[in-house]
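Structural overview
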Amino acid sequence: MAAKNTKTKKRRGNITAAAREKGAVSKSQRGVFNRYIKSLQGRAVERNRLKIEEIARMLESGTRIKKAPVFRDGHRVGTIEKALPLLPSERAMWMARKQKLEANLTRSAPDELHKEFLAMLPDYAARNNLTREILISVGVPESDLDAVGLL
């Protein structure tokens, strides 16, 4: 048998307990960051934003679109869209629905996750050189940045 050549054998260095702890904290914070931002930008949130935009257009125009069937010789042959003016009661109901959807946008993240996010954000941002502009561009609400004092 040939003797092992220890000079050419590559070894991984020993990782200190402090380095392991730092890596674990970093990985945990990254996970909290990603879960929080995803909860704010999920499919349901995007769907709600589209509904809010649609309601806003409807309220601005003062009309709603109603689909009405088209009949020929007693048989349904299609559907047409009619623009009908909004009644005051309908306008009030759509305004209330829009307000409810907007409130749901800000409450989409679970409270516990939100608290974890706010607790780790200053340290995470400082360690990774994340400025306020960068955080806003990836979807962190300005109210969260104000709450933790990131200017």
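Please refer to the structure placed before this passage.
Let me begin by describing the structure that accompanies this report. Fair warning: this is a prediction, and the values are worked out from it, not measured in the lab.

1. Description of the pairing of strand S2 (residues 75–85)
Within a regular strand, side chains alternate between the sheet's two faces. Looking at chain direction, strand S1 (residues 63–72) and S2 are connected through 10 bridges and run antiparallel. If you follow Lys66 over to S2, its bridge partner there is Lys82. Between S1 and S2, which pair antiparallel in sequence order, lie two residues; one of them, Asp73, sits at a positive phi of approximately 55 degrees.

2. A word on the side chain of Glu90
With respect to the secondary-structure elements, Glu90 resides in helix H3 (residues 88–106). A polar side-chain atom of Glu90 sits 2.9 Å from a polar atom in the side chain of Arg64. There is a polar contact of 2.9 Å between the side chain of Glu90 and the backbone nitrogen of Leu87. Residues in contact with Glu90, not counting those within four places in the same chain, are Arg64 and Pro85.

3. A few points about unusual backbone geometry
Positive phi outside glycine occurs at Asp73, with the angle close to 55 degrees. With respect to the helices, strands and loops of the structure, Asp73 is situated in the loop between S1 and S2. Of the residues examined, Asp73 reaches a relative accessible area of 76% and is grouped as exposed. Phi at Asn129 is positive, roughly 55 degrees, even though this residue is not glycine.

4. Quick notes on the pattern of salt bridges
Per the counting criterion, the structure on display carries five salt bridges. Where Glu90 meets Arg64, a salt bridge forms, and the shortest distance between an N and an O atom there is 2.9 Å. Of this pair, Glu90 sits in helix H3 while Arg64 sits in strand S1; the two residues are 26 residues apart in sequence, bridging distant segments of the chain. When the shortest N-O distance is used, the salt bridge between Asp146 and Arg132 registers 2.8 Å. Within this pair, whereas Asp146 is found in helix H6 (residues 142–148), its partner Arg132 is found in helix H5 (residues 132–137), the two being separated by 14 residues in sequence.

5. Here's the deal with the packing of aromatic side chains
In this structure the tally under the stated criterion is three aromatic pairs. Where Phe33 meets Phe117, the ring centres are 5.8 Å apart and the plane angle is 40 degrees; that geometry is what we call tilted. Of the two residues, Phe33 is situated in helix H1 (residues 17–40) and Phe117 in helix H4 (residues 111–127); the sequence distance between them amounts to 84 residues. A relative accessible area of 0% means that Phe117 is categorised as buried. Ring centres of Tyr36 and Phe117 lie 4.1 Å apart, and the angle between their planes is 20 degrees; this geometry places the pair in the stacked category. On the criterion of sequence distance, the pair formed by Tyr36 in helix H1 and Phe117 in helix H4 is long-range, its members being 81 residues apart. An identical accessibility class is assigned to Tyr36 and Phe117; each is buried. Taken together, the ring pairs connect Phe33, Tyr36, Phe117 and Tyr124 into an aromatic cluster.

Cut-offs and rules
Residues numbered from 1 in each chain as written. Predicted model: local features only at pLDDT ≥ 70, side-chain atom pairs only at ≥ 80, totals over all residues. Heavy atoms only, no water. Pairing = 2+ DSSP bridges. Helix = DSSP H or I, 4+ residues; strand = E, 2+ residues; numbered from the N terminus. Polar contact = N/O pair within 3.5 Å; in protein donor to acceptor, adjacent residues only side chain to side chain. Contact = heavy atoms within 4.5 Å. Buried < 20%, exposed > 50% of the residue type's maximum accessible area, 1.4 Å probe, protein only. Salt bridge = Lys/Arg side-chain N within 4 Å of Asp/Glu carboxyl O. Phe/Tyr/Trp six-rings, centres within 6.5 Å; stacked < 30°, edge-to-face > 60°.

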